[in-house]
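Tertiary structure, described
This is what each chain is made of:
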Amino acid sequence: MRVHPSYYPNLALKILKWPIAVLALTALPFSVLALGDSRLMNFRFGDYQWLVYGAGAYWLSWWLVFRHRFAGSYFSTFEHELTHAVFAWATLHRVTGLTVTWREGGLCEFVGSGGNWLISIAPYWFPTLVWPSIVLSYFLDSTALPTLNFLTGAAIVYHVTSTWRETHAGQTDLQETGFIFAWMFLPAANITVYGFILLLATSGSDEAFAYLGDVWRDLSEFVLQQSAHLL
């Protein structure tokens, strides 16, 4: 019997869902501690100023305009549904439609073997709009870095505020994923991803990947130690 290509990643994610949840919950303190040991804690305003300016500019815009109902939510809904689409593509589904409304939410439609929890929960930890400016910073002239860091800072705060607005008990994405799973997975996922992004923007890829390496090393050592005690 022929199966859809998405069957295999969906099956793997189904099997690994709760092990990943436990691993993420266990990784939470290590993601925080490794961030404390990273270059982010050696704060020099010159390294962060354009990131801070962008973050401050969007936060002010959000506070004055975008948080109010009259502003609608078309753009944040589009980004939310686009993130669903990105992870649908990544797990070999075919996206067939992306519907966005001004105030009544949106819908990402895809064809596959039923979807998976990663597609559902992706908008709550993966800041899609941050990545274009991060990627461009590695290809454009250094004179563009202030502008790109400004955009990165604005995109980070945009994602934080839009995710805050979208995270509630009535959210069907979280209902499909399960609130217990979301509680276990999302804190570590958000801290690790945002730590990685901030280090990329301010210190470069070596520091960013060193941070991920530190989290993985400390988590692996802890798991091995606990396994040895159990055996």
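Residues numbered from 1 in each chain as written. Predicted model: local features only at pLDDT ≥ 70, side-chain atom pairs only at ≥ 80, totals over all residues. Heavy atoms only, no water.

1. Observations regarding the side chain of lysine 17
Its place among the elements puts lysine 17 in helix H1 (residues 7-36). The buried charged residue lysine 17 lacks any salt bridge, with glutamate 176 as its nearest oppositely charged partner at 9.7 Å. The residues touching lysine 17, leaving out its near neighbours within four places in the chain, are Trp117, Thr177 and Phe181. (Helix = DSSP H or I, 4+ residues; strand = E, 2+ residues; numbered from the N terminus. Buried < 20%, exposed > 50% of the residue type's maximum accessible area, 1.4 Å probe, protein only. Lys, Arg positive; Asp, Glu negative; His and termini not counted. Salt bridge = Lys/Arg side-chain N within 4 Å of Asp/Glu carboxyl O. Contact = heavy atoms within 4.5 Å.)

2. Things to note about a nonpolar patch on the surface
A cluster of nonpolar side chains, Val3, Tyr7, Tyr8, Leu11, Ile15 and Leu16, forms an exposed patch at the surface whose accessible area comes to about 550 Å². Of note, tyrosine 7 is situated in helix H1. (Patch = residues over 30% accessible without salt bridge, like charges linked within 9 Å, V, L, I, M, F, W, Y side chains within 5 Å. Areas by Shrake-Rupley, 256 points an atom, 1.4 Å probe, with all protein chains shown as cover.)

3. Some details on the packing of H1 against helix H8 (residues 179-203)
The relative placement of two packed helices comes down to the angle between their axes together with the axis-to-axis distance. It is the contact of H1 with H8, at a shortest axis distance of 8 Å, that shows an interaxial angle of 40°. Compared by their axis directions, H1 and H8 come out oblique. Between H1 and H8 lies a crossing whose hand is left-handed. Residues Lys17, Trp18, Ile20, Ala21, Val22, Ala24, Leu25, Leu28, Ser31, Val32 and Leu35 of H1 form the contact with H8, whose own contacting residues are Ile180, Phe181, Trp183, Met184, Phe185, Pro187, Ala188, Ile191, Thr192 and Gly195. For the contact of H1 with H8, the per-class residue count stands at 17 nonpolar, 3 polar and 1 charged. (Axes fitted to C-alpha atoms, helices over the stretch in contact; angles between N-to-C directions. Parallel < 35°, antiparallel > 145°, perpendicular 65-115°, else oblique. Left-handed = near helix turned anticlockwise from the far one by under 90°. Nonpolar A, V, L, I, M, F, W, Y, C, P; charged D, E, K, R; others polar.)

4. So, the environment of glycine 106
Locating glycine 106 in the fold gives a position in strand S2 (residues 106-111). Once residues within four sequence positions are removed from consideration, glycine 106 is found in contact with Thr77, Glu81, Thr99 and Val100.

5. Points about helix H3 (residues 74-90)
Under the 1.5 Å per step criterion, the end-to-end length of H3 is 24 Å for 17 residues, consistent within 8% with the ideal 24 Å. Trailing H3 by a residue or two, leucine 92 shows a phi angle of about 70°, which is positive. (Expected span 1.5 Å × (residues − 1).)

6. Notes on the packing of H3 against helix H6 (residues 145-166)
The geometry of H3 relative to H6 is characterised by a closest axis approach of 11 Å and an angle of 90° between their N-to-C directions. With respect to H6, the axis of H3 lies roughly perpendicular. Within the contact between the two elements, H3 uses Phe75, Ser76, Glu79 and His80 and H6 uses Tyr158, His159, Ser162 and Glu166.

7. Section: the packing of aromatic side chains
Evaluation of the coordinates by the stated rule reveals 17 aromatic pairs. Geometrically, the ring pair formed by tryptophan 18 and phenylalanine 181 is edge-to-face, given 5.7 Å between the ring centres and 90° between the ring planes. One end of the pair, tryptophan 18, is in helix H1; the other, phenylalanine 181, is in helix H8, with 163 residues separating them in the sequence. Three or more aromatic residues joined by ring pairs make a cluster, and in this case those are Trp18, Phe87, Trp117, Trp125, Phe126, Trp131, Phe181, Phe185, Phe196 and Phe209. The ring of phenylalanine 181 has lysine 17 lying over it, and the distance from NZ or CZ to the ring centre is 5.1 Å. (Phe/Tyr/Trp six-rings, centres within 6.5 Å; stacked < 30°, edge-to-face > 60°. Lys NZ or Arg CZ within 6 Å of the ring centre and 35° of its normal.)

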